[in-house]
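# Fold and contact review
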Amino acid sequence: MTRIISSLSEISAPYDALFCDLWGCLHNGVKAFPAAVEALQAYRAKGGKVVLLTNAPRPAKFVMESLDKLGCPRDAYDLVVSSGDAAQDAMFAGAVGKKVWHLGPSKDDGFFTEVPEEWQGQAEITRVDFDDAEGIVCTGPFDEVNEVPEDYRPKFLLAKMRELPMLCANPDIVVDLGDKRIYCAGALAALYEEMGGEAMYFGKPHPPIYDLARRKLSRLGGAEDARILAIGDGINTDVAGAAGEGIDCLFISSGLAHDQFGADPQNPDPELLRTWLEARQRDPLYTMGQLT
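Residues numbered from 1 in each chain as written. Predicted model: local features only at pLDDT ≥ 70, side-chain atom pairs only at ≥ 80, totals over all residues. Heavy atoms only, no water.

## Here we look at the layout of surface pockets
Rules: Lining residues are those with an atom within 4 Å of a point, where the points come from a 1 Å grid over the protein atoms alone and group into cavities, where a 1.4 Å probe fits but cannot get out, or pockets, open sets with protein on both sides within 12 Å along at least five of seven lines. Grid points are joined across faces, edges and corners, and a volume is the space filled by probe spheres set on the points. Any residue that is not Ala, Val, Leu, Ile, Met, Phe, Trp, Tyr, Cys, Pro, Asp, Glu, Lys or Arg is counted as polar, Gly included; the first ten are nonpolar and the last four charged.
The computed volume of the second largest pocket comes to approximately 390 Å³. In terms of lining residues, the second largest pocket is bounded by 15 residues, among which Asp 85, Pro 116, Glu 117, Glu 118 and Lys 216 are the most central. Residue composition of the lining of the second largest pocket, by class: five nonpolar, one polar and nine charged.

## Some thoughts on the sheet that holds strand β11 (residues 199-201)
To be explicit about the condition: Here the rule is simple: two strands pair whenever DSSP picks up at least two bridges between them. Starting at the N terminus, helices and strands are each numbered in turn, a helix being any DSSP run of H or I of at least four residues and a strand any DSSP run of E of at least two.
What the five strands build is an open sheet, ordered β6-β5-β7-β8-β11; its pairing is parallel. In this open sheet, the two edge strands, each paired with only one partner strand, are β6 (126-127) and β11.

## What about the pattern of salt bridges?
Note the threshold: Any carboxyl oxygen of Asp or Glu that lies within 4 Å of a side-chain nitrogen of Lys or Arg is treated as forming a salt bridge with it. Any residue under 20% of the maximum accessible area for its type is buried, any over 50% is exposed, and the rest in between are partly exposed; the area is computed with a 1.4 Å probe on protein chains only.
Inspection of every chain in the model, using the stated rule, returns 18 salt bridges. Two residues, Arg 74 and Asp 68, come together in a salt bridge whose shortest N-O distance is 2.7 Å. Arg 153 serves as the salt-bridge partner of Glu 194, at 3.7 Å between the closest nitrogen and oxygen. Of this pair, Glu 194 sits in helix α6 (residues 185-194) while Arg 153 sits in helix α5 (residues 153-161), and the two are 41 residues apart along the sequence. Glu 194 sits in the exposed class, given a relative accessible area of 62%.

## Structural notes on unusual backbone geometry
The omega angle of the peptide bond from Lys 204 to Pro 205 is 10°, so this bond is cis rather than trans. Following the sequence through the fold, Pro 205 ends up in the loop between β11 and α7 (207-218). Not every positive phi belongs to a glycine, and Glu 163 is a case in point at roughly 60°. Within the secondary structure, Glu 163 is located in the loop between α5 and β8 (166-168). Judged by its relative accessible area of 68%, Glu 163 falls in the exposed class.

## Here's the deal with the packing of aromatic side chains
What characterises a pair of aromatic rings is the spacing of the ring centres plus the angle enclosed by the ring planes. Defined as follows: Centre distance within 6.5 Å is the pairing criterion for rings of Phe, Tyr and Trp, where only the six-membered ring of Trp is used; planes under 30 degrees apart are then read as stacked, over 60 as edge-to-face, and the remainder as tilted. For a lysine, the NZ atom is tested; for an arginine, the CZ atom; a charge sits over a ring if that atom is within 6 Å of the ring centre and within 35 degrees of the ring normal.
The full count for this structure, using the stated rule, is ten aromatic pairs. Taken together, a centroid distance of 6.0 Å and an interplanar angle of 70° make the contact between Trp 101 and Phe 142 edge-to-face. One end of the pair, Trp 101, is in strand β5 (residues 99-103); the other, Phe 142, is in the loop between β7 (135-138) and α5, and 41 residues separate them in sequence. Judged by its relative accessible area of 10%, Trp 101 falls in the buried class. Overall, Phe 142 belongs to the partly exposed group, its relative accessible area being 41%. A centroid spacing of 5.3 Å and a plane angle of 70° characterise the contact between Phe 111 and Phe 112, whose relative ring orientation is edge-to-face. Of the residues examined, Phe 111 reaches a relative accessible area of 0% and is grouped as buried. With relative accessibility at 11%, the residue Phe 112 sits in the buried group. The side chain of Arg 162 reaches across the aromatic face of Phe 130, ending 5.1 Å from its centre.

From the geometry alone we can't say anything about function, so treat these as descriptive.
Here it is, written out as structure tokens:
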């Protein structure tokens, strides 16, 4: 049975590093959560390493710039590792061909223009119109505020008939932008698979993003898996991914599932929490309302 805690400091001592989710844990897409920032700063002050592990479809550089705008100071973390980083490696390796159709908003253009150092001089990926594409790179809906996955069914039918593979740069299904729930690339990829198309994933809960995080963490001294704590609010991404990697997990209950555990987001009802986790066959080692 998951242990409900009230602060990160209660259980952080045995861990050398955190793999901490962003959306729903550190910010809500509009502003950073001050208590969460302070918790990460305090953990780092004691010598711990903080890796912000996010399913954002943009490379780390752009994620950090977004965090600056949301009011999250850079002394709250050591590294950012994104689904965009992991998916970029696959794209530049030719996983969905050399000519790709980008399904996503213009804010994700950095996925294509910010070429990783190891691929510079050898990357031959070209964005083309749908009719000329060998594959699809999906970073989200074109209009994430107003569109839903079903809007893309006609286009996906054509893509399936042409057997176009899809690279999904963000496995998340939804996120909460302030008080509005919006669809992510994962929801589009799920529909494409439901229709018989092929989709590939590189963010949480899939192994590539964790492998990349470990490699980058090793440059800072590394940490054994037994001394890494994953923090997140996604039961099918953060919690499932940590379980698959053999990493302890702290589930933040005030995120995506905030309405499932009683009236007080900071204090989840133990019985409601137990029933909800059992129904999903997940058992994170720890749970807390908000990251503090």
